[in-house]
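Observations on the three-dimensional arrangement
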Amino acid sequence: MKPGIHPSYGPVVFRDKAGGFAFLTRSTMTSDKTVEWEDGRTYPVVDVEISSQSHPFYTGTARVLDTAGRVERFERRYGAK
């Protein structure tokens, strides 16, 4: 790798604002805000709107759309004559 052209890669805390869930990982994202983690160190924190703890698909609260009814309605309107 060429020196000086890549962003710094370090530990960052991502915090889900909707679910109150946070996890520590490594990323190139940075933030001016910091948080003290469970190990006693302070890390930059990035607030996200949604994560796997609050996303409807992963939590099982996703709604299934009535695609069969839509297809039938489309075929009635624009089907071959």
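In what follows, the structure referred to is the one given above.
Our subject in this report is the structure included herewith. (Residues numbered from 1 in each chain as written. Predicted model: local features only at pLDDT ≥ 70, side-chain atom pairs only at ≥ 80, totals over all residues. Heavy atoms only, no water.)

A short note on the overall build of the chain
When helices and strands are counted, the chain shows 2 helices and 4 strands. A total of 81 residues make up the chain; the buried ones form 14% of that total. By sequence separation, contacts in the chain at least 24 residues apart represent 34% of the contacts at least 6 residues apart. As presented, the chain carries roughly 7000 Å² of accessible surface, and 52% of it is formed by carbon and sulfur atoms. (Helix = DSSP H or I, 4+ residues; strand = E, 2+ residues; numbered from the N terminus. Buried < 20%, exposed > 50% of the residue type's maximum accessible area, 1.4 Å probe, protein only. Contact = heavy atoms within 4.5 Å. Areas by Shrake-Rupley, 256 points an atom, 1.4 Å probe, with all protein chains shown as cover.)

Details of the sheet that holds strand β4 (residues 42–48)
Spatial ordering of the open sheet is given by β2-β1-β4-β3, a layout of 4 strands whose pairing is mixed. One side of each edge strand has no neighbouring strand; the edge strands of this open sheet are β2 (21–27) and β3 (34–36). Strand-to-strand, the axes of this sheet are offset by a mean angle of 45°, without reference to chain direction. Sheet analysis places β3 next to β4, joined by 3 bridges and oriented antiparallel. The residue of β4 that forms the bridge with Glu-36 is Thr-42. (Pairing = 2+ DSSP bridges. Axes fitted to C-alpha atoms, helices over the stretch in contact; angles between N-to-C directions.)

Quick notes on a positive patch on the surface
A cluster of basic residues, Arg-70, Arg-73, Arg-76 and Arg-77, forms a positive patch on the protein surface. Residue class for Arg-77 comes out exposed when judged on its relative accessible area of 55%. (Patch = residues over 30% accessible without salt bridge, like charges linked within 9 Å, V, L, I, M, F, W, Y side chains within 5 Å. Salt bridge = Lys/Arg side-chain N within 4 Å of Asp/Glu carboxyl O. Lys, Arg positive; Asp, Glu negative; His and termini not counted. Charge placed at Lys NZ, Arg CZ, Asp CG, Glu CD.)

Points about the packing of aromatic side chains
What the rule picks out here adds up to 3 aromatic pairs. With a centroid separation of 5.8 Å and an interplanar angle of 25°, the aromatic rings of Phe-14 and Phe-23 are classed as stacked. We classify Phe-14 as buried; its relative accessible area is 12%. Between Phe-74 and Tyr-78, the ring centres sit 5.2 Å apart and the planes meet at 50°, which makes this aromatic pair tilted. (Phe/Tyr/Trp six-rings, centres within 6.5 Å; stacked < 30°, edge-to-face > 60°.)

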